[in-house]
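# Architecture and fold: a report
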Amino acid sequence: MVLVPVCTSYSWALAPAVTTSHPQTLSVSTAACCSAPGSRMDILETSKLVDEELYSRQLYVLGSPAMQRIQGAKVLLSGLQGLGAEVAKNLVLMGVGSLTLHDPYPTCWSDLAAQFFLSEQDLGRNRAEASQEFLAQLNRAVQVFVHTGDITEDLLLDFQVVVLTASKLEEQLKVGTFCHKHGVCFLVADAWGLVGQLFCDFGEDFTVQDPTEAEPLTAAIQHISQGSPGILTLRRDASAHCFCDEDLVTFSGIEGMVELNGCAPRPIRVREDGSLEIGDTTTFSPYLRGGAITEVKRPRTVRHEPLDTALLQPRVVAQSPQEVYRAYCLHQAFRALHKFQHLHGRLPQPWDVVDAETVVGLARDLEPMKGTKEEPLDEVLVRTVALSSAGVLSPMAAMLGAVAAQEVLKAISRKFMPLDQWLYFDALDCLPEDGELLHNPEDCTPRGCRYDGQIAVFGASLQEKLSCQHYLLQVGAGAIGCELLKGFALMGLGAGGSGGLTVADMDHVERSNLSRQFLFRPQDTGRPKAEVAAVAAQVLNPDLKITPLTYPLDPTTEHIYGDNFFSQMDGVAAALDSFQARRYVAERCTHYLKPLLEAGTQGTRGSASVFMPHVTEAYRAPASVAASEDALYPVCTVRHFPSTVEHTLQWARDEFEGLFRLSAEIINHYQQTSTSLADMDGPQTLTLLQPVLGVLRVRPQSWQDCVVWALGHWQLCFHHGIKQLLRRFPPDKVLEDGTPFWLGPKQCPQPLEFDTSQDTHVLYVLAAANLYAQMHGLPGSQDWTTLKGLLKLLPQPDPQHLAHIFTGNLQLALASAETGPEQLKKLGDVLEVWSVGSPLKPLMFEKDDDSNFHVDFVTAAASLRSQNYGILPVNRAQCKRIVGQIIPAIATTTAAVAGLVGLELYKVVGKPRPLGAFRHSYLHLAGNYFSRWVPSAPATQTFHHLKWTCWDRLKVPAGQPERTLESLLAHLQEQHGLSVRMLLHGPALLYSTGWSPEKQAQYLPLRVTELVKQVTGRVPEPGLRVLVLELSCEGEKEDTAFPPLHYEL
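Presented here is a report on the structure given in the accompanying data block. (Residues numbered from 1 in each chain as written. Predicted model: local features only at pLDDT ≥ 70, side-chain atom pairs only at ≥ 80, totals over all residues. Heavy atoms only, no water.)

Regular strands place side chains that alternate from one sheet face to the opposite one. Burial within strand 24 (residues 605-611) is extensive, with 6 of its 7 residues counted as buried. Across 7 bridges, strand 23 (residues 596-602) lies against strand 24 in antiparallel orientation. Pairing of Thr601 across the sheet is with Gly606, part of strand 24. Taken together, strand 23 and the strand that follows it, strand 24, pair antiparallel across an intervening segment of 2 residues, in which Gly603 is found at a positive phi of about 60°. Here strand 24 runs beside strand 25 (residues 920-924); their pairing, made up of 4 bridges, is antiparallel. Following the sheet pairing, Gly606 is matched in strand 25 by Leu923. (Buried < 20%, exposed > 50% of the residue type's maximum accessible area, 1.4 Å probe, protein only. Helix = DSSP H or I, 4+ residues; strand = E, 2+ residues; numbered from the N terminus. Pairing = 2+ DSSP bridges.)

Laid out in structure tokens, this is it:
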């Protein structure tokens, strides 16, 4: 379930997209922060506290204050079976200060089904001690300890959070009572078979500083009146705000009524016209211009009951009355299982009817719950839980371990509302519906192998099927891909017989991956993800057969991922970060009739979906969200009339490309190939190169030359350029119909005055000068103080020369200029500057290196552009996320959706299941929202006697000798009653009834493959088994989409 961002001139779309199959459309927040971008000194100071490169994706979810609290926290985790290992792994990846492990028990066979830190060599060894070193390798900044004694009261007082997994109820009550009394946050997590339980007790007075994941609301101000109350009018582009009565707000950047800037939070009231009452402004200075209003989030206080009370008066997290009832029944089932364990010293035997009936009887006899509606116990549910409770499953551990780890983070960071107080999660829909296991319990007895925990639930027969499967994991070594690989290795997918896994990922390991992609280590940085992940997965399960591929799966690689490749696959698991890629992979799965398991995340939101041939609908990207991936901003809007922060960021990113990459490539190409000036696009090239030459007029030779150029370019962009634009379009300009030119989204700009006391001004010159130096092979400088001194000594650039550069470029941008003698001369003069000397170095934008000035330049440029046009700026972190197309991500959500995918895999691989067995899932860990629902069935279309869905196709054998176009058309008429009007192969038209008789006579006798070759100019790829043709028929309706015609070669 989850999400992704993804663009003529060299503009590309910054509009983010979301990758989720849940009906709710999610979008990456671009809410602006009122503070101006921090200086480079601030950035360096922050990095001392939090490793921004390592935790970059996580910081977008949690923020620096929360991360700092996490880094100072101490957590005790007791129980290192599969669920405990998942909790530990997530906490270490996310950078908790220290983690102390406790588990008095030795490793046994059933542990290996879900505990990925353990192997056969660890059998009999203490689980905590065997796990310590592997955990420590995940993040050397986290201290990982092992406590080998009992859990004492003195020990508990040393921790902020205590987590118990796989523990007895007596121990839970003892530890929980002490923690509640002494203000230690306490969690219990258990997973028995296909049912999981999580309990949180954060005390009676727990304050959540930041309750939601949403950015504070912020909007640009149009006007503020003096009065009681003062009336604040928002700019037109902010009219669709979501402020509510009694929201607390503060203000920034206001000119005139400066008394409001940085004021204590004020309550507001929303008026019918959308304006806001903000309190008494009678005595304040008159409002002049600018400024922003920003919501101040209110802390919330949580009161939790101790475990002994909560056992009898449970508050459960559920989305409907039906879910509440089911959760209460599961609550009683867990209480009965604890009682069974206390009486017998063990859990019920796998699929043992006698043990299960004993558990049902114990549940009947339990003390009734208080404060709940009295309803009959669902004994069938309790019995099913008991029958499969001895199992240990990797997907369940992943899901519950992710939620538990997120609750630990909430306790530490005081960010996001905690669970209140019980969460029950069950996936009993994974069990076969025919009762086969009940009639064959011996199939579920232990084998003395690593899959015993899984066999206890599903039997050895399903285990054999899993081992013989061959699956493709597409973009399989990203964050979700690593989690899927781990789960598949533990489940034994492709670990025997003819089975195997193919992992396709074209990316290389980056340091920022290490906080979420736990198969990678620091020494793997720079290596292909697929290859590293394949080796790491085989360490988890040496029997796993895995093939890494570093080619993308897209239309350019169909000769690799073609008919022969997909014929060997039983299914596909995908974790892609764009709807375009998802659509393509889904189309391939539909074409080859392969199941598709799909997942995605964005921050603490995630989704997992299953698409089963002939059973469920096929994958469809939400149209409105998918379209945003291809959205383009009009060039004129970006260059001269921006109205949103996305426009200013687009402009700044285009500036980087034009100044430091494209110009260098053009100049190098001209030098190396002696291209004729007449063969170049004169106006466009001049537009690009004149600003690169700038006020210098010569090639730079020193750092000071680069500073002079950067200062001149600052003046060109943010002062003289704006003044020239206003001369062409004055503030009072009126259109022919009397409408003001500067109206609505068109914001009339204001020129800026360069000021060395303004950090953003200096940061722009520092970044631009360093990039200019890098491009010319000159040494740069990070000395902020020396630069400010130099800037005070430099003369201001010649306004006439700046005006000449801007006017020429504006004319070229707004008019269609042809390359004439004057343009050729100007172009020759500009290129002459670089005719001698070494080639330039084109700079490729790199978002993850904070020392290269790339993000600094774009941040400062966008901020200054925003100041010109009165647009709310974004800070550096937000700029980096939007421009770098970074998806906020966190290890917990990633692990959770991978677990949900694993649960659906059991159904896909097992016996054929009806639609009602499958589940799409959506979760929001910050909002405590969990939803699973049955997918839609595929839509059925009809035409005369034919019925079909998206999974059907018309199959026609080519025959020997191969049939002609005429015989193909006759076959379709005779066999299916279809009178073909048009036949296409991709975009190529192979036949049309609208053709002349002569053309039809020319094409009808041709063999179909000859026809395709003649029309497309291409010979079918060797090994191609099917030509896919599309047809349109006489009598079809406008919305009819016939199934594809598979012409079998």
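Right, let's get into the environment of Ser838. Note on placement: Ser838 falls in the loop between helix 27 (821-832) and helix 28 (854-869). Considered as a pair, Ser838 and Asn668 are 170 residues apart in the sequence and their alpha carbons are 9.2 Å apart.

Turning next to a negative patch on the surface. Judged by side-chain charge, Asp507, Glu510, Asp577, Glu846 and Asp849 come together as a negatively charged surface patch. Along the chain, Asp849 turns up in the loop between helix 27 and helix 28. Asp849 gets classed as partly exposed once you look at its relative accessible area, which sits at 33%. (Patch = residues over 30% accessible without salt bridge, like charges linked within 9 Å, V, L, I, M, F, W, Y side chains within 5 Å. Areas by Shrake-Rupley, 256 points an atom, 1.4 Å probe, with all protein chains shown as cover. Salt bridge = Lys/Arg side-chain N within 4 Å of Asp/Glu carboxyl O. Lys, Arg positive; Asp, Glu negative; His and termini not counted. Charge placed at Lys NZ, Arg CZ, Asp CG, Glu CD.)

A few words now on the packing of aromatic side chains. If you walk through the whole model with that rule in mind, you get 34 aromatic pairs. Of the aromatic side chains, those joined through ring pairs into one cluster are Trp651, Phe656, Phe660, Trp709, Trp714, Phe718, Phe754, Tyr764, Tyr772, Phe845 and Phe857. Its end group placed over the ring of Phe518, Lys89 keeps NZ or CZ at 5.5 Å from the ring centre. Positioned above the aromatic ring of Phe641, the side-chain terminus of Lys746 is 5.5 Å from the ring centre. (Phe/Tyr/Trp six-rings, centres within 6.5 Å; stacked < 30°, edge-to-face > 60°. Lys NZ or Arg CZ within 6 Å of the ring centre and 35° of its normal.)

Once that is clear, we can look at unusual backbone geometry. Residue Pro229 follows Ser228 across a cis peptide bond; omega there is 5°. Note that Pro229 resides in the loop between strand 10 (218-224) and strand 11 (231-234). A cis amide bond links Asp420 with the next residue in sequence, Gln421, at an omega value of -25°. Of note, Gln421 is situated in the loop between helix 12 (394-413) and strand 18 (422-426). One non-glycine residue with positive phi stands out, namely Ala166, at about 50°. Within the element layout of this structure, Ala166 appears in the loop between strand 6 (161-165) and helix 7 (169-182). Accessibility expressed as a relative area gives 39% for Ala166, which makes it partly exposed. If you check the backbone angles, His614 has positive phi at about 70° while not being a glycine. The class for His614 is partly exposed, based on a relative accessible area of 46%.

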